[in-house]
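# Structural description and commentary
Each chain, letter by letter, is given below.
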Amino acid sequence: MPSSTVENYLKAIWSLQQSLPEDTLVPVGHVAEKLSVTPGTVTTMMRQLLKKELVHYTPRKGVMLNDAGRVEAMKVLRRHRLVETFLVEVMKLDWAEVHEDAEVLEHVISDRLLARMDEMLSHPTHDPHGAPIPSESGELHRDLTSSLADCAPGHYTLTRVREDKPAFLQWLAQQGLKPGSALELTARDVHADTLTLSLPHQETPVQLSVPAAKSLLVAHG
Ligand SMILES: [Zn+2]
């Protein structure tokens with residue numbers, strides 16, 4: 001099993017690749033920023049990842065996972081998301097407070113324990129935040145959703161929350177907003193940069209900043 005540091009680099013590179021066009025190298029500076037380390041530290045690690053044949057790396061241009069690197073990244077992502085699901089569904093922890101524990105456990109859970117968790121959860125396809133769980137063979141099902149920040153007024157279903165901060169997740173839950181919740185986007189205020197939402201069990205409309213709305217993925221209806 002690769003070390004937890006290697007796994008965190010693979011995860012970070014994979015996640016940065018998601019916001020770039022396919023087959024684009026991720027600048028080393030972006031990896032450094034994401035992991036809060038210096039670009040020099042990243043460059044040293046790139047040599048290790050190259051030696052392990054997990055990445056394509058061009059000095060001064062950037063880095064990209066190769067097939068083997070992607071498989072490893074998907075394994076960590078699967079462990080992370082299954083652990084979060086297990087902590088919420090079986091251990092009854094609050095969905096707002098499982099990310100940090102999953103960050104640790106994703107590196108130490110054995111395949112045997114993971115298989116048992118998966119079985120106890122009846123092979124879930126999504127974690128408590130609505131994120132798809134990669135399959136055992138490393139396939140990741142992409143949901144067709146858009147960010148609420150880009151949506152026109154109308155009725156939507158919240159499908160995924162792409163934010164790990166406990167305070168924000170708790171606030172969402174207080175508004176009754178969790179993956180699967182219905183919501184109506186009633187107005188956009190371009191000057192205040194806010195959205196107004198009407199929620200089924202809330203009498204007063206909820207104001208949300210556009211930056212916060214970016215982390216909410218929704219489907220029509
Ligand atoms: Zn998480």
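Residues numbered from 1 in each chain as written. Predicted model: local features only at pLDDT ≥ 70, side-chain atom pairs only at ≥ 80, totals over all residues. Heavy atoms only, no water.

Time to look at the coordination of the zinc ion. Looking at the zinc ion, one finds its protein donor set to be H80 (NE2), E84 (OE) and H99 (ND1), positioned 2.0 to 2.1 Å from the metal centre. Taken in chain order, the donor set of the zinc ion reads H-x3-E-x14-H. Of this pair, H80 and E84 both sit in helix α4 (residues 67–89), 4 residues apart, which is roughly one turn of the helix. (Donors = N, O, S within 2.8 Å, 3.2 Å for Na, K, Ca; no water. Helix = DSSP H or I, 4+ residues; strand = E, 2+ residues; numbered from the N terminus.)

The next thing to look at is the pattern of salt bridges. For the structure shown, the criterion picks out 7 salt bridges. Residue K11 is joined to E106 by a salt bridge in which the shortest nitrogen-to-oxygen separation is 2.7 Å. Residue K11 is located in helix α1 (residues 4–18), and its partner E106 is located in the loop between α5 (99–105) and α6 (111–120); the two are separated by 95 residues in the primary sequence. In this structure, R116 engages E119 in a salt bridge whose closest nitrogen and oxygen atoms are separated by 2.8 Å. A residue pair is termed a helical-turn pair when its members lie 3 or 4 positions apart in one helix, as R116 and E119 do in helix α6 at 3 residues. (Salt bridge = Lys/Arg side-chain N within 4 Å of Asp/Glu carboxyl O.)

For the rest of this paragraph, the subject is the side chain of T194. Among the structural elements, T194 can be located in strand β6 (residues 194–198). Residues within four places of T194 in sequence aside, it is in contact with A187, R188, D189, Q207, L208, S209 and V210. (Contact = heavy atoms within 4.5 Å.)

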